[in-house]
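Spelled out from the first residue to the last, the chains are:
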Amino acid sequence: MDARALVDVVVVASVISALAITPRVLARRSDPVGAAGHRVFSPAAWLALVTGLVYANQVLFTVYVLRVHAGDPSFVARYLPAGWFDLASANPVLRRLAELFPAPGLLAPSVLRVQAFLELPFVLMAFATVVRWLDAGLYRRLARSALLPLASVSYTAVFCLVEWDLRNPYTIDDVVIRAVSAVVTPLLIARVAARDESTFRVPSSVPGLLVFTGSLGSLGALVLVVYDTALLYNLGRLDDRLPLALAAGGALLGLRAVASRPAAARSAPTLSFVVHALRHWLLLFFAPALAIRYGLLFGTPALALAAGALTAAVACVHAGRDTLAGAERHPRAALRLAAGIGCAVLAGAVAAALALRLTPPSYEEIALLSAMGAFLVTGVAVCGLVDSRAAALREKSGRSL
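Below: a short report on this structure.

1. Section: helix H13 (residues 301-325)
Structural remark: α-helix, 3.6 residues per turn; residues separated by three or four positions point the same way. Across its 25 residues, H13 extends 36 Å between first and last C-alpha, which sits within 8% of the 36 Å expected from 1.5 Å per residue. Along H13, the residues that are buried comprise Ala 304, Ala 307, Gly 308, Thr 311, Val 314, Ala 315, Ala 319, Gly 320 and Thr 323.

Have a look at this one:
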């Protein structure tokens, strides 16, 4: 069985497993908060630490190439596709560091091996950060559920399949290192989450959901910058990507400062549906996320797209059930909710299509991120209008009585 078929197997297996496990995760009522008095780092802080280590490895890799290979990365670049190893070899600071470094031969593990360990915590911490922004209790549930080791195995399987498809003299080392990371990383996340004391939840309001969407988009942009400049060994592109990184980082800091302020709780059915849908979808998509992403490149794209659509559809079905559970069980309520969601989805799809058309096609990930952001922002805005209109009609009807 070739790598393409195996990636498809991982996609199917991880989606089926997520569909089976997610309902049990959401059904758990107990949500203990970490022990008081213990200061713990959030997954965002760990993500920042891992990112720093990734860039530190890039610096050391550049020193290694300059001193041991005379600045020529072809010794490893010839084994990998185009788009890798755009080094910052001309940077005077790095060149000076290379001159002063006492034992450059000891930096050989910076070639692919360090990245093989850090890539899994980077992606898992990024996903955990998003879940915690939405619902800290859900993040703790996720961290102590079978979804976390399942995601670790699924992501590692895909990473190793891609490694084997692009095999080179470092492949065996990388596969072993990734296996070690697959054991260590979920244990770390589970321990961090168990001691987490946050009770934050995104309110069912337009401002709260827009802040969450903006945070998600800003983090997504930063993740793409890290992949493009560091995880693909393209430190030479950092100057070009720095404006995007600074803008996204500044926006993220501002949005998280706004999110930390207490907000009044609101109960509006259409916006509540959005929150429920996000909670369900993040859990359903957690394990197969990377397999679906790589399935578009190394597997069967139609299967990967269908798998992603299935997680979204199931999330919407469960969100509709949860939204109507506490409301009056009347067919009209379900119809009103369906009509409002339908309008929001249609408007969001139009906005996503426009975003895809306006985004330069040279960078597919940026186009997808723009489309997702446009879809969510427009959908949330329409849901807010629908709820406001319904509230106005109820108020008018009450006055007439």
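2. Section: the packing of helix H6 (residues 136-143) against helix H11 (residues 269-286)
At a minimum axis distance of 11 Å, the contact between H6 and H11 shows a crossing angle of 25 degrees. Comparing the axis directions of H6 and H11 gives the class roughly parallel. As for how H6 packs across H11, the hand of that crossing is right-handed. Judged by residue contacts, Leu 138, Arg 141 and Leu 142 of H6 engage Arg 279, Leu 283 and Phe 286 from H11. Its residues assigned to classes, the contact of H6 with H11 shows 4 nonpolar, no polar and 2 charged.

3. Side note on the environment of Ala 334
Inspection of the secondary structure puts Ala 334 in helix H14 (residues 331-358). Taking the C-alpha atoms as reference points, Ala 334 and Arg 321, 13 residues apart in sequence, are found 9.4 Å from one another.

4. So, the pattern of salt bridges
Under the definition given, this model contains 12 salt bridges. Where Asp 173 meets Arg 113, a salt bridge forms, and the shortest distance between an N and an O atom there is 3.4 Å. Of the two residues, Asp 173 is situated in helix H8 (residues 171-194) and Arg 113 in helix H5 (residues 113-134); the sequence distance between them amounts to 60 residues. With a closest N to O distance of 3.2 Å, Asp 135 and Arg 201 form a salt bridge. Of this pair, Asp 135 sits in the loop between H5 and H6 while Arg 201 sits in the loop between H8 and helix H9 (206-231), placing them 66 residues apart in sequence. Residue class for Asp 135 comes out buried when judged on its relative accessible area of 5%. In the salt-bridge network here, residues are joined through shared partners; they are Asp 86, Asp 228, Arg 237 and Arg 241.

5. Focus on the nonpolar core
In terms of nonpolar packing, the biggest core is built from 102 residues, with Phe 122, Leu 147, Tyr 155 and Phe 286 touching the most fellow members. Ignoring anything within four residues of it in the chain, the contact list for Tyr 155 reads Leu 120, Val 123, Leu 124, Phe 127, Phe 286, Ala 287, Ala 289 and Leu 290.

6. Notes on a nonpolar patch on the surface
On the surface, Trp 164, Ile 172, Val 176, Val 180, Val 183, Val 184 and Leu 187 cluster together into a nonpolar patch covering about 670 Å² of accessible area. Along the chain, Leu 187 falls in helix H8.

7. Brief notes about H5
With 22 residues, H5 extends 34 Å between its outermost C-alpha atoms, agreeing within 8% with the 32 Å of an ideal straight helix rising 1.5 Å per residue. The buried fraction of H5 is high, at 20 of 22 residues.

8. As for the side chain of Ser 198
Checked against the element boundaries, Ser 198 lands in the loop between H8 and H9. Residues in contact with Ser 198, not counting those within four places in the same chain, are Arg 132, Ala 136 and Arg 140.

9. Digging into the packing of aromatic side chains
Scanning the model with the defined rule gives 12 aromatic pairs in all. Plain terms: the ring middles of Trp 281 and Phe 285 are 4.6 Å apart, the flat faces sit at 15 degrees to each other, and that makes the pair stacked. With Trp 281 and Phe 285 both in helix H11, this residue pair falls 4 residues apart, about one helical turn. Classification of Trp 281 as partly exposed rests on a relative accessible area of 25%. One aromatic cluster is present, built from ring pairs that chain together Phe 61, Trp 84, Phe 85 and Tyr 233.

10. Regarding the environment of Ala 251
Turning to its location among the elements, Ala 251 is positioned in helix H10 (residues 238-259). Assessed through its relative accessible area of 34%, Ala 251 is described here as partly exposed. The spacing of Ala 251 and Leu 66 is 185 residues in sequence and 36 Å in space, taken between C-alpha atoms.

11. Section: the packing of helix H7 (residues 147-165) against helix H12 (residues 289-298)
At a minimum axis separation of 8 Å, H7 and H12 run at an interaxial angle of 25 degrees. In terms of orientation, H7 and H12 fall into the roughly parallel class. As H7 packs across H12, the resulting crossing turns out to be left-handed. Across the interface between the two elements, Ser 154, Tyr 155, Val 158, Phe 159, Val 162 and Asp 165 of H7 pack against Ala 289, Leu 290, Ala 291, Tyr 294 and Phe 298 of H12. Counted by class, the contact of H7 with H12 contains 9 nonpolar, 1 polar and 1 charged residues.

Thresholds, definitions, all that
- Residues numbered from 1 in each chain as written.
- Predicted model: local features only at pLDDT ≥ 70, side-chain atom pairs only at ≥ 80, totals over all residues.
- Heavy atoms only, no water.
- Helix = DSSP H or I, 4+ residues; strand = E, 2+ residues; numbered from the N terminus.
- Expected span 1.5 Å × (residues − 1).
- Buried < 20%, exposed > 50% of the residue type's maximum accessible area, 1.4 Å probe, protein only.
- Axes fitted to C-alpha atoms, helices over the stretch in contact; angles between N-to-C directions.
- Parallel < 35°, antiparallel > 145°, perpendicular 65-115°, else oblique.
- Left-handed = near helix turned anticlockwise from the far one by under 90°.
- Contact = heavy atoms within 4.5 Å.
- Nonpolar A, V, L, I, M, F, W, Y, C, P; charged D, E, K, R; others polar.
- Salt bridge = Lys/Arg side-chain N within 4 Å of Asp/Glu carboxyl O.
- Core = buried A, V, L, I, M, F, W, Y, C linked by side-chain atoms within 4.5 Å.
- Patch = residues over 30% accessible without salt bridge, like charges linked within 9 Å, V, L, I, M, F, W, Y side chains within 5 Å.
- Areas by Shrake-Rupley, 256 points an atom, 1.4 Å probe, with all protein chains shown as cover.
- Phe/Tyr/Trp six-rings, centres within 6.5 Å; stacked < 30°, edge-to-face > 60°.

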